[in-house]
Amino acid sequence: MTDAQETPADPFGLFAEAERQLNICNSCRYCEGYCAVFPALERRTVLGTGDITQLANLCHDCRACFHACMYAPPHEFAVNPPEILTHVRRAGYQSYVTASLLPARLRGRNPLVTAAVLVTAALLLLVTVGGSVNALGRHDGPYRVIAYPALLTTALLPAAWSVTVILRAAARYWRDIHGPLRHLAAPAALGRALGQAARLSYLRGGGENCYQAGDDPSPARRRWHHAVSYGFAACFASTVSAAVLQDVLGSPPPYPLLSVPVLLGTVGGAGMMAGCSGLAVLKRRGDTTATVGDYSLLIGLGLLAATGMLTLLLRSTPAYGTALVVHLATIVVCFGVAPYSTFVHGVYRFLALVQDNLEQVDGNSRY
């Protein structure tokens, strides 16, 4: 961090409470081998808001430390790092995107209004540029329903908006936890962070997996997260492969069932639906701090995969056009609201891993 950095406000005393609990943890150090949070905590003698933000996003909420803690409630110290760090993370999700140009009414404060506006706009746009409502009955390729330039524009505009807002938020977040942006381009730290993120290394708790539901550790949460993340990656690869087939090799859709785009999209869609369902069940069983925003992200990703699978299943029927429009509208909504949902936690957590790896090389939490 830097002395001149901007730090988030603490209107509800979250950072003060987190500092109190983490100072107790730093004195005890019983959990220092459980995950990256406690070695990172030991490198800090004074906890500023940027330090606490870094530790909060480095925490993967496995809850192993809570189950091992001798000072957890009902002890008078009431130490519960997973809970307080979760509250700090959630406070940060929106604080880094408040400078965006999106009106307050359409940000995460009112996701239902956001979704309704974006879905309505998407449906009207798609039906209008498609030529007529009769185009919805076509099932001989997507461009019979909506022209390729219109389809591309409809998908790329919200995607570009989302990427711009997320990058801006990520830059503000990095300045808070670290300082100069130039240190972000460290190949060794980036490589190690990518490996840790790909393996979900810190969802193993103290080596015995997560305590997501009940008192017994389970690998379920890590596996469902893998299903969602790798499913999303497969769907992205499906889109890229379809673009290569069409724009490079001159082969437009629809593609055979055994083609690369269809196979990747099918595997990815199934993985996302399974992972989102599994995580939703785990949250309902064991996460007493889960918010509407947590569930809405899972619902959004699940609908994105489900509408895509439905479009594939109905592609030889008169319902194909309607299914395609619904799927594209879902894409518009998911892309449009992504920066204002817990989707950004993946970005912040990855940057927290990068910062942690930089600290391990430098031996200092401050730059």
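First, a word on what this report is: a plain description of the structure on this page. (Residues numbered from 1 in each chain as written. Predicted model: local features only at pLDDT ≥ 70, side-chain atom pairs only at ≥ 80, totals over all residues. Heavy atoms only, no water.)

The secondary structure content of the chain amounts to 13 helices and zero strands. Traced from its N-terminal end to its C-terminal end, the chain shows the element sequence α-α-α-α-α-α-α-α-α-α-α-α-α. For the chain, the share of sequence-separated contacts (at least 6 apart) that also reach a separation of at least 24 residues comes to 72%. (Helix = DSSP H or I, 4+ residues; strand = E, 2+ residues; numbered from the N terminus. Contact = heavy atoms within 4.5 Å.)

This part takes up the packing of helix α3 (residues 49–58) against helix α7 (residues 148–177). Where α3 contacts α7, the axes come no closer than 7 Å and their chain directions differ by 115 degrees. When α3 is examined against α7, the residues G50, T53, Q54 and N57 are found in contact with a partner set consisting of Y173, D176 and I177. When the residues that make up the contact of α3 with α7 are grouped by side-chain class, the tally is two nonpolar, four polar and one charged. (Axes fitted to C-alpha atoms, helices over the stretch in contact; angles between N-to-C directions. Nonpolar A, V, L, I, M, F, W, Y, C, P; charged D, E, K, R; others polar.)

Glancing now at the packing of α3 against helix α5 (residues 81–95). It is at 8 Å that the axes of α3 and α5 come closest, and there the two elements cross at 110 degrees. In terms of orientation, α3 and α5 fall into the roughly perpendicular class. The segment α3 lies against α5, with I52, L55, A56 and N57 engaging L85, V88 and R89. (Parallel < 35°, antiparallel > 145°, perpendicular 65-115°, else oblique.)

The next point concerns unusual backbone geometry. In this chain, P73 is followed by P74 through a cis amide linkage whose omega measures 15 degrees. Tracing the chain through its elements places P74 in the loop between α4 (64–68) and α5. Put simply, P253 and P254 share a cis peptide bond, and its omega is 5 degrees. Tracing the backbone through its elements, the reader meets P254 in the loop between α9 (220–248) and α10 (260–286). For A78, which is not glycine, the phi dihedral falls at a positive 50 degrees. Along the chain, A78 turns up in the loop between α4 and α5. Among the residues examined, A78 registers a relative accessible area of 30% and is labelled partly exposed. For L200, which is not glycine, the phi torsion reads 50 degrees and is therefore positive. (Buried < 20%, exposed > 50% of the residue type's maximum accessible area, 1.4 Å probe, protein only.)

Another point: the state of the cysteines. The full count for this structure, using the stated rule, is zero disulfides. The closest cysteine sulfur to the non-disulfide-bonded C31 is located on C65, 5.5 Å from its own sulfur. Note on C69: no disulfide assigned, nearest cysteine sulfur contributed by C25 at a separation of 6.1 Å. The exposure class of C69 is partly exposed, given its relative accessible area of 22%. (Disulfide = S-S within 2.5 Å.)

Now for the environment of Y348. Counting through the fold element by element, Y348 comes out in helix α13 (residues 345–362). For the pair formed by Y348 and N57, sequence separation is 291 residues and the distance between their alpha carbons is 6.4 Å. What Y348 contacts, discounting residues up to four positions off in sequence, is N57, G92, Y93, Y96, V97, A169, A170 and Y173.

Okay, the environment of A40 next. Within the secondary structure layout, A40 lies in helix α2 (residues 37–42). In this structure A40 comes out as buried when scored by relative accessible area, which is 0%. For the pair formed by A40 and E359, sequence separation is 319 residues and the distance between their alpha carbons is 8.0 Å. With residues near it in sequence (within four places) discarded, A40 still touches L55, L58, D356 and E359.

For the rest of this paragraph, the subject is the side chain of R222. As for its placement among the helices and strands, R222 is situated in helix α9. Non-local contacts of R222, meaning those with residues more than four positions away in its chain, are made with R199, L200, L203, R204 and N209.

So, about the environment of V354. By the element assignment, V354 lies in helix α13. V354 sits in the buried class, given a relative accessible area of 0%. Those residues in contact with V354, other than ones at most four positions away along the chain, are W174, L184, A189, L190 and A193.

As a further point, take the nonpolar core. F38 and Y348 are the most contacted members of the largest nonpolar core, which has 46 residues in total. With seven residues, α7 is the largest single contributor of residues to this core. Within the second largest apolar cluster, 19 residues are counted, among which are V145, V228, A305 and I331. (Core = buried A, V, L, I, M, F, W, Y, C linked by side-chain atoms within 4.5 Å.)

Quick look at helix α12 (residues 320–337) now. With 18 residues, α12 should cover 26 Å at 1.5 Å per step; its first-to-last C-alpha distance of 26 Å lies within 8% of that length. In terms of burial, α12 is a largely internal element, 14 of the 18 residues being buried. (Expected span 1.5 Å × (residues − 1).)

Inspection of every chain in the model, using the stated rule, returns five aromatic pairs. On the numbers, 5.7 Å between centres and 65 degrees between planes, the contact of Y96 with Y348 is edge-to-face. Residue Y96 is found in the loop between α5 and α6 (111–129), and its partner Y348 is found in helix α13; the two are separated by 252 residues along the sequence. What makes Y96 buried here is its relative accessible area of 4%. Relative accessible area serves as the criterion here: at 2%, Y348 is assigned to the buried category. (Phe/Tyr/Trp six-rings, centres within 6.5 Å; stacked < 30°, edge-to-face > 60°.)

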